[in-house]
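# Structural overview for review
Spelled out, the chains give:
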Amino acid sequence: MVVLMRALIALSACLAFVGALPPVQAPEHEPQVQMVDVSAERFTFTPSQIKTTVGTTLRIRLRSDDTTHGFRIVGTGASIEIPKRGDDAATVDFTPEHAGRYEFQCSKLCGAGHAFMRGVIVVKDAAER
Amino acid sequence: MDFHYNNEQFADGRLDFHRFVLLVTHRFSDRIRFVGELEVEHAFVEGLEQSGEVELEQAYVDFLFSRSFNIRAGMLLLPIGIINQRHEPPTYGVERPFFDTFIIPTTWFEAGAGVHGELGGGWRYQAYVAAPLNAAKFNADDGIREGRQKGSEANASRLATTGRLEYVGIRGLTAGASFFVGDSGFEFRPRFDVPVKLFDLDARYSRDRLELRGAFGYISVQNAGELNDSAFRLSGVNPNVASGMLGNYLEAGYRFFSSRRLGEVGAFVRHEVFDTQYRMPAGYLPLNEFNRQAWVVGATYWPDPDIALKVDYVVQRNRSTTLASPNSFNVGLGWWF
């Protein structure tokens, strides 16, 4: 019984201490993450159009159905190699700061129709969505 | 790269380094780029096609304006069917489908220019003007195949038009419709029109271990009777060119073994129809040995997704009562890097 009383007192003291701490502030704009799975195969990305909003972190998970491909968003630093069929997916993050259309393309020569492997990320302002 | 062993009925087996392909690209900027493809066929070039060929299959510059509108000019692969623009070796079948030899004359490349782009919703298009076919080279067996000018000092007095509309909006599915229209009678004197129209429908689907593909094609050659008469006067041989040629095929493949360490093994079956004497001009009879069908069964082992060890057996039949089409056993090693 004494042990139980002591435990209750200790628990009350801990709760009182925690209650006295200043509340933890949540960040005002917690970055949103949007996951997108994209498959790559000669000579198509599917989907080839991705929609998102300004400030959202686009986490693109890329998997190949055949050979090694590349994924590069034109005019940005986002670029990654997509391993061959059967290997793990490659993941690249892209957080657009401005609305607009960002084209992406295969950046590793993958065959006779390599030049057709393209797509677009359409970024709108959050208010427009 | 494609290395083959072909053992055809009624003939000796042959070892052939069929294709050695070099692809080069250069990006002048994010908006302008060059693509080139140089191919050596049958390993040795002596000046005649039977001994080998060096082919400049692609050498074009792309001007990328937007997703929906881009301009391409130079040596182009015509946008017809599945194989012509997508012929990397690590796939099923030692040789390309007969359909893609006798109906669609792959690899079909010509000097030309045009536009391409994506329309949204998974639709994309290509449309080009290019050098036409030369009808003086058509024949009963190969159809229009020998009429390709291959961008080599090609007669361009009347340009041909070609295009393709394609749907890729569902993962793993590519479905398309293609056409080619051109006047091909420029070599005959007196000159007369030989309009050639080719229409193709095709689709392929792959998901996980399953791969399906199929195609249908029809070729119309107008004034084929006059063409045959003129060719006979020129060479003394009547080519018996048809006014209609037809082909189709269906193929199904399944990868029944898959291991990260050992690779994958798949089997396939394909049925083909390829009739280069389907419709004859008035006064001409079809040569039935060129009304052909084939069953192709085989397997492919991929130790790596870019390397394929292929084996298949081809059973060919035709409508002739006197001339048999040969069956064949084929082994191939294809790789890409």
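Worth saying up front: this structure is predicted, and the values here are computed from it rather than measured. (Residues numbered from 1 in each chain as written. Chains lettered and ligands numbered in written order. Predicted model: local features only at pLDDT ≥ 70, side-chain atom pairs only at ≥ 80, totals over all residues.)

### Here's the deal with the overall build of chain B
Secondary structure assignment for chain B yields 2 helices and 16 strands. Taking the principal axes of its C-alpha atoms as reference, chain B extends roughly 65 × 55 × 40 Å. Counting only residues that meet the buried cut, chain B has 41% of its 337 residues in that class. A separation of at least 24 residues holds for 56% of the contacts in chain B among residues at least 6 apart in sequence. (Helix = DSSP H or I, 4+ residues; strand = E, 2+ residues; numbered from the N terminus. Buried ≥ 20, exposed ≤ 12 C-beta atoms within 10 Å, placed from the backbone. Contact = placed C-beta atoms within 7 Å.)

### As for the interface of chain B and chain A
By a widely used convention, the size of an interface equals the accessible area lost when the partners come together. The interface of chain B with chain A comprises 24 residues on the first partner and 23 residues on the second. Within the residue set of the side of chain B that touches chain A, elements represented by two or more residues are strand 2 (14-27), strand 3 (32-41), strand 4 (53-64) and strand 6 (109-120) of chain B. The greatest single-element share of the side of chain B that touches chain A, amounting to 3 residues, is contributed by strand 3 of chain B. Across the side of chain B that touches chain A, the residue classes tally to 6 nonpolar, 7 polar and 11 charged. (Nonpolar A, V, L, I, M, F, W, Y, C, P; charged D, E, K, R; others polar.)

### Re the environment of Pro 286 of chain B
Following the sequence through the fold, Pro 286 of chain B ends up in the loop between strand 13 (263-279) and strand 14 (291-304). Its 17 C-beta neighbours within 10 Å are what place Pro 286 of chain B among the partly exposed residues.

### Some thoughts on the nonpolar core
Residues Leu 76, Leu 78, Phe 99 and Val 221 of chain B are the most contacted members of the largest nonpolar core, which totals 71 residues. When near neighbours in sequence (up to four residues on either side) are disregarded, Val 221 of chain B contacts Phe 138, Val 194, Val 196, Val 241, Ala 242 and Ser 243 of chain B. (Core = buried A, V, L, I, M, F, W, Y, C linked by C-beta atoms within 7 Å.)

### Here's the deal with the confidence of the model for chain B
Per-residue confidence for chain B averages 93 on the pLDDT scale, and 99% of its residues sit at or above 70. Interface scoring of the predicted complex returns ipTM 0.79; its pTM is 0.86. (pLDDT = per-residue confidence, 0-100.)

### Side note on the pairing of strand 1 (residues 2-8) of chain B
Residues and elements named next belong to chain B. Both strand 1 and strand 16 (residues 328-335) contribute to a ladder of 7 bridges, which runs antiparallel. Bridge assignment links Asp 2 to a residue of strand 16, and that residue is Gly 334. Examined bridge by bridge, strand 1 and strand 2 share 5 bridges and lie antiparallel to one another. Residue pairing across strands places Tyr 5 opposite Leu 15, the latter belonging to strand 2. (Pairing = 2+ DSSP bridges.)

### Examining the sheet that holds strand 5 (residues 69-73) of chain A
By way of backbone hydrogen bonds, the strands of a sheet pair with one another, either parallel or antiparallel. Residue and element names in this part refer to chain A. Spatially, 3-9-8-5-6 is the arrangement adopted by the 5 strands of the open sheet, whose pairing is mixed. With partners counted over all chains shown, the strands left at the sheet margins are strand 3 (49-53) and strand 6 (79-82), one partner each. When strand polarity is set aside, the average angle formed by the axes of neighbouring strands in this sheet is 20°. (Axes fitted to C-alpha atoms, helices over the stretch in contact; angles between N-to-C directions.)

### What to know about the sheet that holds strand 7 (residues 90-94) of chain A
Residues and elements named next belong to chain A. Strand order in the open sheet formed by 4 strands is 2-1-4-7, with mixed pairing between adjacent strands. The outermost strands of the open sheet, each flanked by one partner alone, are strand 2 (44-46) and strand 7. Going across the sheet, the axis of each strand differs from the next one's by a mean of 25°, ignoring polarity.

### Observations concerning helix 2 (residues 224-235) of chain B
Residue and element names in this part refer to chain B. Counted at 1.5 Å a residue, the expected span for helix 2 with its 12 residues is 16 Å, and the 16 Å between its end C-alpha atoms agrees. Residues of helix 2 that are buried include every one of Ala 224, Leu 227, Asn 228, Ser 230 and Ala 231, and no others. Lining the buried residues of helix 2 we find strand 11 (210-221). Phi for Gly 236, located one or two positions after helix 2, is positive at around 85°. (Expected span 1.5 Å × (residues − 1).)

### Focus: the confidence of the model for chain A
Residue and element names in this part refer to chain A. Residues at a pLDDT of 70 or more form 75% of chain A, whose mean pLDDT is 82. Per-element averaging of pLDDT across chain A places helix 1 (residues 2-20) at the bottom with 50 and strand 4 (residues 57-64) at the top with 96. Predicted confidence is poor over residues 14-19, with pLDDT under 50, and the contacts of this stretch with residues over four places away or in other chains come to 0 contacts.

### Section: unusual backbone geometry
Negative phi is the rule for most residues except glycine; trans is the rule for most peptide bonds. Arg 42 of chain A connects to Phe 43 of chain A through a cis peptide bond whose omega is -5°. Note on placement: Phe 43 of chain A falls in the loop between strand 1 (33-41) and strand 2. Residue Pro 47 of chain A is reached from Thr 46 of chain A by a cis peptide bond, and omega for that bond is 0°. Relative to the helices and strands, Pro 47 of chain A resides in the loop between strand 2 and strand 3. Within the chain, Asn 223 of chain B stands out as a residue other than glycine whose phi angle is a positive 60°. As for its placement among the helices and strands, Asn 223 of chain B is situated in the loop between strand 11 and helix 2. A positive phi angle, close to 50°, is found at Asn 240 of chain B, a residue other than glycine. Note on placement: Asn 240 of chain B falls in the loop between helix 2 and strand 12 (244-259).

### Remarks on the pairing of strand 5 of chain A
The side chains of a regular strand alternate, first on one face of the sheet and then on the other. Residue and element names in this part refer to chain A. Summarising burial for strand 5: 4 of the 5 residues are buried, a large majority. Pairing of strand 5 with strand 6 involves 4 bridges; the strand directions are antiparallel. The partner of Gly 70 across the bridge, within strand 6, is Glu 81. The hairpin formed by strand 5 and strand 6 contains 5 residues between the paired strands, and Gly 75 there has a positive phi angle of roughly 80°.

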